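Architecture and fold: a report
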Amino acid sequence: YCPQAKLSAILLFLDLAEAFDFVIREFVMGAPQGQESNVSNLLEQLGLLTADATELASEIQAHGSFLEMCGVDSKVAKHVVALHTGTWFTVGELQDALLTQKGGRQGCKLGGLVFNFLYARALKQLQGRLEVKGLLLSMPFRASGAPWPHGAAEAEDALSHTVMDTTYVDDECIMLAASTPAALDRHIDILLDEISAVLRAFGLTIDWSKDKTEAILLYRGRDAGIHWRLRQTPDGPVIVGPDGLKLHVVTSYKHVGGTVVGTANYTVEARARAKSALSTWC
């Protein structure tokens, strides 16, 4: 938040629905044993649209799995595939076994990594799409220090990098800023279309409900009041996303243990930390 800049801005806090359970493992480790030549049909069976399945199958065949792209030893990669091929489990006294086709195995030490690798690949693709649209922020970054400069000297030594978001596991926050409210609205529409398309292609679903995926929206400058009034509904301020889905606008949001407030007021954060400290002490 930079009050001197007088920019209109949005912070989008993204929540995925049942993220770990619906990860399509093929993006991370390649096709299961015995199905290496049938990736497109396999992805369709897992719920992807035909166009998305064909495109991503071509990408996997051209660039390999995420493990291959990271240079993981081929024997290790094959072992990981074997651990996740034909996995099954039983429930209670049922005689039938249930075959798992998506998601991490319960208790698997690689479960978190499988999700992280997949989400990283999806976010990388989203970053590329937004860069083509000219929506990424360019800021100085020093590889040996914090991602923000503390003074003119540090800024001069920094290299310029484009940035889009901050992510911790499945807690995602994306920021957009623009010089006018109208420009921000255009950028918001592009962002929601692109992120919905990318995540759908990777088999991930956004949870659009209240207290899950929400946004802090700040209009500034000429016509700010007009744009804000256009967002008002009986359910409060909302942004209509793809397919008529509603993104609820809030004044504060708890993200990765901290509370973000659109007015840059630290009172809410201070109260939350005080309450947390008291609960811990008790």
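Shown above is the structure to which this text applies.
The written sequence of each chain sets the order in which its residues are numbered from 1. Predicted model: local features are reported for residues with pLDDT of at least 70 only, side-chain atom pairs are reported and counted for 80 or more only, and whole-chain, interface and lining totals are derived from all residues. Think of the side-chain values as coming from all heavy atoms in the structure, minus any hydrogens and water.

A short note on the packing of aromatic side chains
Pairing of aromatic side chains here covers Phe, Tyr and the six-membered ring of Trp, requires ring centres within 6.5 Å, and sorts the geometry by plane angle: under 30 degrees stacked, over 60 edge-to-face, intermediate tilted. Tallied over the full model, the rule gives 2 aromatic pairs. Aromatic side chains F13 and Y253 sit 4.3 Å apart centroid to centroid with 10° between the ring planes, which places their arrangement in the stacked category. One end of the pair, F13, is in strand β1 (residues 8-14); the other, Y253, is in strand β11 (residues 252-255), with 240 residues separating them in the sequence. Here F115 and Y119 contribute two aromatic rings whose centre-to-centre distance is 5.4 Å and whose plane-to-plane angle is 35°, an arrangement assigned as tilted. One end of the pair is F115 and the other is Y119, both in helix α6 (residues 111-132) and 4 residues apart, which spans about a single turn. To sort residues, take the accessible area from a 1.4 Å probe on protein chains only and compare it with the maximum for the residue type: under 20% means buried, over 50% means exposed, and anything in between is partly exposed. For Y119, a relative accessible area of 2% puts it in the buried group. Only DSSP runs of H or I with at least four residues qualify as helices, and only runs of E with at least two residues qualify as strands; both kinds are numbered from the N terminus onward.

As for the nonpolar core
What is meant by a nonpolar core is a set of buried Ala, Val, Leu, Ile, Met, Phe, Trp, Tyr and Cys residues, joined one to another through side-chain atoms within 4.5 Å. Judged by nonpolar contacts, the single largest core of 57 residues is most densely connected at F27, L43, L199 and F202. Looking at this core element by element, the count peaks at 9 residues for helix α8 (residues 181-201). Other than its neighbours up to four places away in sequence, L199 contacts L14, L16, Y119, A122, L204 and I206. The next biggest cluster of nonpolar side chains, apart from the first, holds 5 residues, and it includes F13, C173, I216 and V250. Contacts are assigned to residue pairs with any non-hydrogen atoms lying within 4.5 Å of each other.

Topic: α6
Given 3.6 residues per turn, any residue in an α-helix points the same way as the ones three and four places further on. Here a helix's expected span is defined as the number of its residues, less one, multiplied by 1.5 Å. In this model, α6 (22 residues) spans 32 Å end to end at C-alpha, consistent with the 32 Å of a helix rising 1.5 Å per residue. Of the residues making up α6, those classed as buried are G111, V114, F115, L118, Y119, R121, A122, L123, Q125, L126, Q127 and L130.

With respect to the environment of L67
Its place among the elements puts L67 in helix α4 (residues 66-69). Between the C-alpha atoms of L67 and G30, which are 37 residues apart in sequence, the distance is 8.2 Å.

Notes on the sheet that holds strand β7 (residues 171-178)
Taken together, 6 strands build an open sheet; the order of strands is β6-β7-β1-β8-β10-β9 and the sheet is mixed. One side of each edge strand has no neighbouring strand; the edge strands of this open sheet are β6 (165-168) and β9 (238-240). Direction aside, the axes of adjacent strands within the sheet are offset by 20° on average. A pair of strands is treated as paired once DSSP finds two or more bridges between them. As defined by bridge partners, β6 adjoins β7 across 4 bridges and the pair is classed as antiparallel. Bridged to Y168 within β7 is D171. Those strands touched by α8 are β1, β7, β8 (214-218), β9 and β10 (246-249), and its axis lies near 150° from that of β7. Lines fitted to the C-alpha atoms define the axes, with helices restricted to the stretch that makes contact. Angles between their N-to-C directions range from 0 to 180 degrees.

Some thoughts on the pattern of salt bridges
What makes a salt bridge here is a side-chain nitrogen of Lys or Arg within 4 Å of a carboxyl oxygen of Asp or Glu, nothing more. Applying the stated rule across the entire model yields 5 salt bridges. The salt bridge partner of R129 is E194, with a shortest N-O separation of 3.1 Å. Residue R129 is found in helix α6, and its partner E194 is found in helix α8; the two are separated by 65 residues along the sequence. Judged by its relative accessible area of 28%, R129 is partly exposed. For K246, the salt bridge goes to D235, with nearest N and O atoms at 4.0 Å.

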